[in-house]
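Listed below, chain by chain, are the residues.
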Number of protein chains: 2
Amino acid sequence: MIRYDLKHLATFVAVAEELNFHRAAERQNMAQPAVSRIVLELEDRLGVKLLERTTRKVRLTESGRYLLVEAQEILGRIHVAEHTTRLLASGTKAILRIGYTTITGHSLVPDITREFRLSNPDVRLELTYMTSPVQRDKILQDEIDLGFIEGSFQNSEIESRPVAHHRLTALLPLDHPLTAKKSLTIDDLAREQLVMGTRVEWPTLRRIIVDAFQSAGQVMKVGQEASSLTGLLGLVTAGVGITIFCGMPRFCGENAIAARPIVTNPPVLVETHLAWRRTSINMAKRRFIEVSQKVGASYMTP
Amino acid sequence: MIRYDLKHLATFVAVAEELNFHRAAERQNMAQPAVSRIVLELEDRLGVKLLERTTRKVRLTESGRYLLVEAQEILGRIHVAEHTTRLLASGTKAILRIGYTTITGHSLVPDITREFRLSNPDVRLELTYMTSPVQRDKILQDEIDLGFIEGSFQNSEIESRPVAHHRLTALLPLDHPLTAKKSLTIDDLAREQLVMGTRVEWPTLRRIIVDAFQSAGQVMKVGQEASSLTGLLGLVTAGVGITIFCGMPRFCGENAIAARPIVTNPPVLVETHLAWRRTSINMAKRRFIEVSQKVGASYMTP
DNA sequence: GGGCATTAAGACGAAATCGGTATCAATGAT
DNA sequence: ATCATTGATACCGATTTCGTCTTAATGCCC
C-alpha cells in the first residue's frame, strides 16, 4: 500500500529546494549517494520523473514542482499534528465532546459554553445534538465525554450531577383564550388540542408529560406532532394548538407566542443532569463540570 | 528530524479504526507483534500515549482520537498528491505558469485565457504579473512556462512568436480641448503636460514613447508619474494630464476618459510576443500557443 | 469459581534494508 | 585541453525490520 515514506518526501523537498544533491545531503545529514538513491527510489515508486538532472544542473519537472509544494504542505501538516498531539497529551489543549438535547440546547448549554470559553480558550468544544438515551450509550462507548441529559444516569462507570431543572410551561398562540390566565393546570390543557414533540426526539419529556396527565387523571389530546423545536413553535404560531415545553425558548420571541407556567401538585420538574465516565476524567472536564454547575445554579428555581 | 514514517501513521490508523491489533495486522498484511511494535514505537517517539489497551480492549486516548483524524487526512492527502503527480506526468492534467504585463493584461490575456479554458479544462493556468525584462529572466530560469512580453526575445534557448500589436493611444480627460480632434500627433502631445507610467513598471512602453518623441524632434513633458494603470487612469480622470497607452483599457469606461489614436510616420507599433523555452515544450504549452495566436490575430490590425 | 479463549506484548533469529566510502562518468569553467 | 564539480553506481558492514514462538493478562462461559 505505502510504497515510500516520509524520508523520501523530506529528502525530495530538500533536493528540490536546494536544486543540488550535495547541499541537500548536508541539510539532511546524509551522504550524497544516499540522497541520490532516495530520490531515484521515489521516482521509481511513483513512476514519475521529478527532477531533470545533468551532471551540472538540477531542474524540477512540472510534476516535481507540483509535488514539491504538496510535500512541503504535507510535512508541515504532520509537524503541526505532532505538536498538537503533544499539547493535547500535556493538557495544554483539550477537546471535549459534549452531547446536548433540545431542552438544554436553547439556553442552558449556550450559557455554559459561553462562560466556559471565556476562561478556557484552549479547550475546543464539540457539541453534538442527541437525545438523552443516545447520550447514555455514547458516554458508555466513550464517543462523547460529557452529556447533558434529561433525568439521572445510575451506573457504576458513570457519574452524573444535576445542573438545572425546568418546570413545565405551556406555549400558546397570543390570541388563545387561555392566555388570559397567569398559570395553567393540567385540567385546562386536557380540554385543548395539543401540539407535541415526537416520542423519538423527546423521549424523556414526553414520558414526564404523559405521567403528569395520568397523575391528574387526564389524557392528553395530541392533534399534531413535530420533530424539531422550530417545527413545534411554527405550529403554535400558526394557531394549530398549544405545546408543552420547559421554560421559554429564548429565540422564539414573545411577539408570537405566550408562555404560561403549568401548576401541578406535587410540582413536576424536568431535571437536567450532566453525566460522564468516572474514568478518564481530566482537568478540562473537571473545569467544564464546575462551570456547568455554577451557571446551572441560576436555573435551579427552588 | 523525522522520527517516524508513514508506516507508523498508517498502522496506527488501522489499529485506531479497528480497535483491535489482530484485525489491524491483517489489514496491513503484517503479523500482530509487528503492529504492536510499530504503535509502541510511534507512542515512544511522540512521547504520547495514543491508545489505552488492556489485554481485552483497546480505546483511543484524547490525543489518539485527534491524531487519528489528522493521520487519516494526511494519508488521504498524500494519496491525492501521488495521483495528481502521475496525472501531471502523463499529460492528463497540466499547470502552465504564465507571465503578463499591464498592456497585455487588460484585454489580450483575458481573451486568450477565456478561450483556452473552454477547450482545456484540465490545464490550470497560473497567471503572474511582471514586466517584460523580469519575464525574460524568469523564462530563462524556468520559473514561468510562457511569457507575454513587449518586444521580441532572441536567444538560442528561447522561442518567441508575435501574437498581437497595439498602436499608441492618447487617453485624455473628456473635457480636454484635444478631444475635438479625431487623431493626435506627437507635436500635439509635446505641447501638453503628460501623465506617464514609471520606467520601472513600463520599461518597454516608456522606451518606445521616448523614441517616438525623439523621431519627431520633440521632448515630452512629464508632469506626473504613476506605477499602476489604475493610478494613471485616476490622474487622467482628475484632469491632471494626458497619458499615452496602447489601445483602450476595457474597464475604464468611455464615460470619463476619451481615447484618440496617435498618428506617426512611420507608424509606431508596440509588439507583444509570446515567449517560452525551446526545451520542455509539452502538449498543454503547444495548445496554449496555438490559442494565443488565434485570439491574438484579431489584435493584429494591418 | 475455574478453565478457556482471546488479547497485546516480549524474545530471538533470519532477512532485508539502509547508509557510508570509494569510485565513476559527464560537463562546464578556465 | 585540463580540472573541478556534479550526480550516479558498486560494494560492504551495521542496523533495522519482521515473522515465529511464547508469555502474561483478562473477560467470558459453564
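Check the entry above for the structure.
Residues numbered from 1 in each chain as written. Chains lettered and ligands numbered in written order. Predicted model: local features only at pLDDT ≥ 70, side-chain atom pairs only at ≥ 80, totals over all residues. Heavy atoms only, no water.

1. As for the protein's contact with DNA strand C
Inspection of the region around DNA strand C gives 22 residues, with K7 of chain A together with Q32, S36, R53 and T55 of chain B positioned closest. Within 4 Å of the protein, the contacting atoms of DNA strand C are 61% sugar and phosphate, with bases supplying the remainder. K7 of chain A places a polar side-chain atom, nitrogen or oxygen, 2.5 Å from a phosphate oxygen of DNA strand C. In this structure, Q32 of chain B approaches DNA strand C through a side-chain N or O atom, which is 2.7 Å from a base nitrogen. If you list the elements that add at least two residues to the surface near DNA strand C, you get α3 (32-46) of chain A together with α2 (21-27) and α3 (32-46) of chain B. Of the residues assigned to the surface near DNA strand C, the class counts are nine nonpolar, eight polar and five charged. (Near = heavy atom within 4 Å. Polar contact = N/O pair within 3.5 Å; in protein donor to acceptor, adjacent residues only side chain to side chain. Helix = DSSP H or I, 4+ residues; strand = E, 2+ residues; numbered from the N terminus. Nonpolar A, V, L, I, M, F, W, Y, C, P; charged D, E, K, R; others polar.)

2. Remarks on the protein's contact with DNA strand D
Taken together, 22 residues form the shell around DNA strand D, and within it R53, T55 and R56 of chain A together with K7 and T55 of chain B come nearest. Here a phosphate oxygen of DNA strand D and a backbone polar atom of F21 of chain A are 2.8 Å apart. Within the contact set of DNA strand D, a phosphate oxygen lies 2.3 Å away from a side-chain nitrogen or oxygen of R53 of chain A. Broken down by secondary-structure element, the contributors of at least two residues to the surface near DNA strand D are α2 (21-27) and α3 of chain A together with α3 of chain B. Here the residues of the surface near DNA strand D sort into nine nonpolar, eight polar and five charged.

3. Thoughts on unusual backbone geometry
In this structure, P266 of chain A follows N265 of chain A across a cis peptide bond, with omega equal to -5°. Looking at where P266 of chain A falls in the secondary structure, it is placed in the loop between β11 (257-263) and β12 (269-277). One non-glycine residue with positive phi stands out, namely L19 of chain B, at about 50°. With respect to the secondary-structure elements, L19 of chain B resides in the loop between α1 (6-18) and α2. You will see that D142 of chain B, though not glycine, has its phi angle at about 65°, which is positive. Tracing the sequence through the fold places D142 of chain B in the loop between α7 (132-140) and β5 (146-150).

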